[in-house]
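Here is how the chains run, residue by residue.
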Amino acid sequence: MKNVSTGNWITITIVLVNIIFMVGVMSKDVLNAQESANTALEMAYNNDKQIAVIEAKIEQGFENLEHLIKNGN
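Residues numbered from 1 in each chain as written. Predicted model: local features only at pLDDT ≥ 70, side-chain atom pairs only at ≥ 80, totals over all residues. Heavy atoms only, no water.

Caption draft 1: Quick peek at the overall build of the chain. Within the chain one finds one helix and zero strands. Expressed as lengths along the three principal axes of its C-alpha atoms, the size of the chain is roughly 100 × 15 × 10 Å. Across the 73 residues of the chain, 0% fall into the buried class. Counting every atom, the chain has about 6900 Å² of accessible surface; 66% of that belongs to carbon and sulfur. The average position of the 5 basic charges and that of the 8 acidic charges among the side chains of the chain differ by 13 Å. (Helix = DSSP H or I, 4+ residues; strand = E, 2+ residues; numbered from the N terminus. Buried < 20%, exposed > 50% of the residue type's maximum accessible area, 1.4 Å probe, protein only. Areas by Shrake-Rupley, 256 points an atom, 1.4 Å probe, with all protein chains shown as cover. Lys, Arg positive; Asp, Glu negative; His and termini not counted. Charge placed at Lys NZ, Arg CZ, Asp CG, Glu CD.)

Spelled out as structure tokens, the structure:
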């Protein structure tokens, strides 16, 4: 087996540390993306509930108008 010089060991070590660092950065980005997606989903769900309340109020308003038109009151 060929002897590996100190410079080669330093280079190998630096490359391995960089790979480990990049894996850590990418996994953090994936976690941040998942958190952002969960937040967006929660906001969409809350908007759906608010839209349902508005729709119910509009429907009630139309029913009241219909009642006024039919009864003249």
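The structure having been displayed, the exposition proceeds.
Caption draft 2: Geometry of the pattern of salt bridges. By the definition in use, this model includes one salt bridge. Across the pair Glu66 and Lys70 runs a salt bridge whose closest N-O atoms are separated by 3.4 Å. Of this pair, Glu66 and Lys70 are both found in helix α1 (residues 6–71), four residues apart, which corresponds to roughly one turn of the helix. (Salt bridge = Lys/Arg side-chain N within 4 Å of Asp/Glu carboxyl O.)

Caption draft 3: Representation of α1 in the model. Given a rise of 1.5 Å per residue, 66 residues ought to cover 98 Å, and the 97 Å separating the end C-alpha atoms of α1 matches this to within 8%. Note on α1: the residue one or two positions beyond its end, Gly72, has a positive phi of about 70 degrees. (Expected span 1.5 Å × (residues − 1).)

Caption draft 4: Representation of the environment of Thr13 in the model. Mapped onto the elements, Thr13 comes out in helix α1. Along the sequence, Thr13 and Glu35 sit 22 residues apart, while their C-alpha atoms lie 33 Å from each other.

Function-wise, these values are silent; they only describe arrangement.
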